Amino acid sequence: MNQELLEIRHLHKSYGEHTIIKDLNLTVHKGEVIVVIGPSGCGKSTLLRCINALEPIQDGQICIGGESIHKDDKNISEKRQKIGMVFQSYELFPHKTILDNITLAPVKVQKRKRAEAEKEAIELLGKVGLSGRKDDYPRQLSGGQKQRVAIVRALCMHPEILLLDEITAALDPEMVREVLEVVLDLAKNGSTMIIVTHEMAFAKAIADRVIFLDQGEIVEESTNPKRFFENPETDRAKKFLDNFQYEKN
Amino acid sequence: MNVEVMREYLPLYWRALLLTLKVGWIGVLLAFLFGLICAVTIHLGIPVLRRLFKIYIELFRNTPLLVQLFFMYFALPKIGIRISPEVCGSLGLGLLGGAYMAETFRSGLEGIPAIQEESAASLGMNRLQIFCYVILPQTISVSIPGILANVIFLLKETSVFSVISLMDLMFTAKDLIGMYAKTIECLTLLVIFYLIMLLPVSILGSWLERRVRYAEFGD
Ligand SMILES: Nc1ncnc2c1ncn2[C@@H]1O[C@H](COP(=O)(O)OP(=O)(O)O)[C@@H](O)[C@H]1O
Ligand SMILES: [Mg+2]
């Protein structure tokens, strides 16, 4: 739990004149589960996209396993293999079967043997309760099933850290649970994750550390999720959680 | 209508059909390649080529094939470039079709959401891999209806080949009418042979369209 895996120093991200993230510092250790919450538009997705180098950054540094990562790096695709990402909208490849969705990158990028990659894919599919669906196409699956496949697809690359961006936000309520259970399982098995979510009960249960982001800044950070959700220290976090409660009811 | 006469002309029409098919399909193939190259170049924003290809597209989409063929067949020899009618036909069709195919592929490419590219990138794929395994197959499958419309359009355009004395279906019909004045017979055969050429494409096309959309395609 002590080994530093991800280190963000003085991150500054803007779109033109518009500053989205200012001077953000964050260190994530191996095995740690970080939950990021905050109002819509505060920069949560942008933060994850910066970490995965999908966005160029204007200042600061992001290091993964001690190595700096930037969108314009020559070997960026190699560095990205250490980072898995799951999107709100699944983003499976519609022209490929579930099995091919999962094995495409292991086979083409990591040059693993197809048979071996498929074996692992089928194993992982079994763990998320989808072993029977490997030959289906994404369009034949429900949202919750697609999202579980997307998680498996990311896992099959053996990333060192997983970034989950509101992965249940597009799901019908009855499907949220099946996806969150998979994530809880990952946490139990020691996966390092940064999770952006609006599911507060889930956040409270899974987080080693909660980060409250507002207007591109970390306003409050707590290693005691229970206390944070029940009794946040800052007014801004309190207000956000109160509003949230109100909207939910 | 004299069926006996029609039967007599049949071999000539078959020969013309084969030639039309050959020149036509080579043209279609060229159009596919030119179109894909243009669309990808424009999509990737490759500096000088992008401009050049845009000019090419506008040039060929806004002039009739007849004029393009005249130019290649009668004007180019004046500057020492001499090409056979067959090559001229295929190339002309390829260049015209390339301009149309480019637009089809381009709108297909634009229809693939950027986040698909990002999800592939987040799996560690490089630009080439993303293009070959994720973007291109999807582009082709969403472009199928447009591609088919272009193929049928191009095969119909072969009817102007007669102006560069290529002995295609149109040329054969006109020739026979000129010689024997069996107008109804010749034109009926002409219609029948164009149907023989195009109906299978239409039928195969709609079948393919149903099958290929979102199904496995390419690798
Ligand atoms: N490509 C972009 N161009 C300009 N502004 C953007 C872009 N992407 C996001 N933004 C802006 O950045 C801010 C943060 O967005 P985002 O990170 O998606 O918020 P969150 O995920 O917390 O809801 C928003 O104000 C949004 O409008
Ligand atoms: Mg977001």
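### A few points about the overall build of chain A
Counting its secondary structure elements, chain A contains 9 helices and 10 strands. For chain A, the C-alpha radius of gyration of 18 Å lies close to 18 Å, the compact-globule estimate for 249 residues. When its C-alpha atoms are laid out on the principal axes, chain A stretches across 55 × 45 × 35 Å. Out of the 249 residues belonging to chain A, those deemed buried represent 57%. Excluding contacts between residues fewer than 6 apart, the proportion of contacts in chain A whose partners are at least 24 apart in sequence is 66%. Just so you have it, chain A exposes about 11,400 Å², and 45% of that area is on carbon and sulfur atoms. The distance from the centre of the 35 positive side-chain charges to the centre of the 38 negative ones in chain A is 5 Å.

### Some details on the confidence of the model for chain B
All names here are of chain B. When pLDDT is averaged across chain B, the result is 91; 96% of the residues are at 70 or more. The element-level mean pLDDT for chain B is lowest in helix H8 (residues 183-212), coming to 89, with helix H5 (residues 114-121) highest at 96. What the predictor reports for the complex is a pTM of 0.86 with an ipTM of 0.93.

### A closer look at the site of ligand 1
Residue and element names in this part refer to chain A. Close contacts around ligand 1 come from Tyr15, Ile20, Pro39, Ser40, Gly41, Cys42, Gly43, Lys44, Ser45 and Thr46, and that covers them all. Within the side chain of Thr46, one N or O atom sits 2.5 Å away from an oxygen atom of ligand 1. With 3 residues, the top contributor of residues to the shell around ligand 1 is helix H1 (residues 44-51). Of the residues contributing to the shell around ligand 1, the split by class is 4 nonpolar, 5 polar and 1 charged.

### Description of helix H6 (residues 127-157) of chain B
All names here are of chain B. Here H6 spans only 37 Å end to end across 31 residues, well under the 45 Å set by a 1.5 Å rise per residue. Largest kink in H6: about 60°, centred on Ile144, with the proline Pro145 one to four residues after it. Of the residues flanking the start of H6, the one acting as N-cap is Asn126, its side-chain oxygen 3.1 Å from the backbone nitrogen of Leu128.

### Things to note about the interface of chain A and chain B
The interface is formed by 27 residues belonging to chain A together with 22 residues belonging to chain B. Interface of chain A and chain B: buried area, both sides summed, is about 2,200 Å²; carbon and sulfur atoms make up 56% of it. Taken as a group, Phe93(A), His95(A) and Lys108(A) account for 27% of the area that chain A buries against chain B, more than any other trio of residues on that side. Here chain A is connected to chain B by 1 salt bridge. Elements that contribute at least two residues to the side of chain A that touches chain B include exactly helix H2 (76-80), strand S6 (83-86), helix H3 (98-108) and helix H5 (143-155) of chain A.

### What to know about the nonpolar core
Leu6(A), Ile8(A), Leu11(A), Ile161(A), Ile194(A), Tyr13(B) and Met125(B) are the most contacted members of the largest nonpolar core, which totals 90 residues. Element by element, the count of residues in this core is highest for helix H1 (residues 3-44) of chain B, at 13 residues. Core analysis: the second largest hydrophobic core is formed by 48 residues, Leu92(A), Ile98(A), Val176(A) and Val179(A) among them.

### What about the packing of aromatic side chains?
Note on aromatic pairs: each is described by the distance of the centres and the angle between the planes. Scanning all chains against the criterion turns up 10 aromatic pairs over all chains. Relative to Phe229(A), the ring of Phe228(A) lies with its centre 5.2 Å away and its plane at 85°, an arrangement referred to as edge-to-face. Residues Trp14(B) and Phe193(B) carry aromatic rings whose centres are separated by 4.9 Å and whose planes lie at 75° to one another, so their mutual orientation is edge-to-face. Placement of Trp14(B) in helix H1 and of Phe193(B) in helix H8 is noted, with a sequence separation of 179 residues between them. The exposure class of Phe193(B) is buried, given its relative accessible area of 2%. Taken together, the ring pairs connect Tyr13(B), Trp14(B) and Phe193(B) into an aromatic cluster. Its end group placed over the ring of Phe93(A), Arg153(A) keeps NZ or CZ at 4.4 Å from the ring centre.

### Observations concerning unusual backbone geometry
All names here are of chain A. Positioned with a positive phi, Glu91 is a non-glycine residue whose angle comes to about 55°. The topology assignment puts Glu91 in the loop between S6 and H3. Non-glycine residue Glu166 carries a positive phi angle of around 45°. Within the secondary structure layout, Glu166 lies in the loop between strand S7 (161-165) and helix H6 (173-188).

### Section: the pattern of salt bridges
All names here are of chain A. Per the stated rule, a full pass over the model turns up 23 salt bridges over all chains. The salt bridge partner of Lys13 is Glu55, with a shortest N-O separation of 3.4 Å. A residue pair is termed long-range when its members are at least 10 positions apart, and Lys13 in strand S1 (residues 4-15) and Glu55 in the loop between H1 and strand S4 (59-64) qualify at 42 residues. As far as the burial class goes, Lys13 and Glu55 line up, both buried. Between Arg112 and Glu116 there is a salt bridge, with its nearest N and O atoms 3.3 Å apart.

### Here we look at the sheet that holds S1(A)
Residue and element names in this part refer to chain A. Within the open sheet, the 4 strands sit side by side as S2-S1-S4-S5. Their pairing is antiparallel. In the strand order of this sheet, the two ends are held by strand S2 (18-29) and strand S5 (67-68), each with one partner. Where S4 lies against S5, 2 bridges are found, and the strand directions are antiparallel. Considered in S5, the bridge of Ile64 is made with Glu67. Across the sheet, H1 is in contact with S1, S2 and S4; its angle to S1 comes to roughly 120°.

Parameters and conventions
- Residues numbered from 1 in each chain as written.
- Chains lettered and ligands numbered in written order.
- Predicted model: local features only at pLDDT ≥ 70, side-chain atom pairs only at ≥ 80, totals over all residues.
- Heavy atoms only, no water.
- Helix = DSSP H or I, 4+ residues; strand = E, 2+ residues; numbered from the N terminus.
- Rg over C-alpha atoms; globule rule 2.2 N^0.38 Å.
- Buried < 20%, exposed > 50% of the residue type's maximum accessible area, 1.4 Å probe, protein only.
- Contact = heavy atoms within 4.5 Å.
- Areas by Shrake-Rupley, 256 points an atom, 1.4 Å probe, with all protein chains shown as cover.
- Lys, Arg positive; Asp, Glu negative; His and termini not counted.
- Charge placed at Lys NZ, Arg CZ, Asp CG, Glu CD.
- pLDDT = per-residue confidence, 0-100.
- Near = heavy atom within 4 Å.
- Polar contact = N/O pair within 3.5 Å; in protein donor to acceptor, adjacent residues only side chain to side chain.
- Nonpolar A, V, L, I, M, F, W, Y, C, P; charged D, E, K, R; others polar.
- Expected span 1.5 Å × (residues − 1).
- Bend = angle between axes of the 7 residues up to and from the residue.
- Buried area = accessible area lost by both parts, 1.4 Å probe.
- Salt bridge = Lys/Arg side-chain N within 4 Å of Asp/Glu carboxyl O.
- Core = buried A, V, L, I, M, F, W, Y, C linked by side-chain atoms within 4.5 Å.
- Phe/Tyr/Trp six-rings, centres within 6.5 Å; stacked < 30°, edge-to-face > 60°.
- Lys NZ or Arg CZ within 6 Å of the ring centre and 35° of its normal.
- Pairing = 2+ DSSP bridges.
- Axes fitted to C-alpha atoms, helices over the stretch in contact; angles between N-to-C directions.

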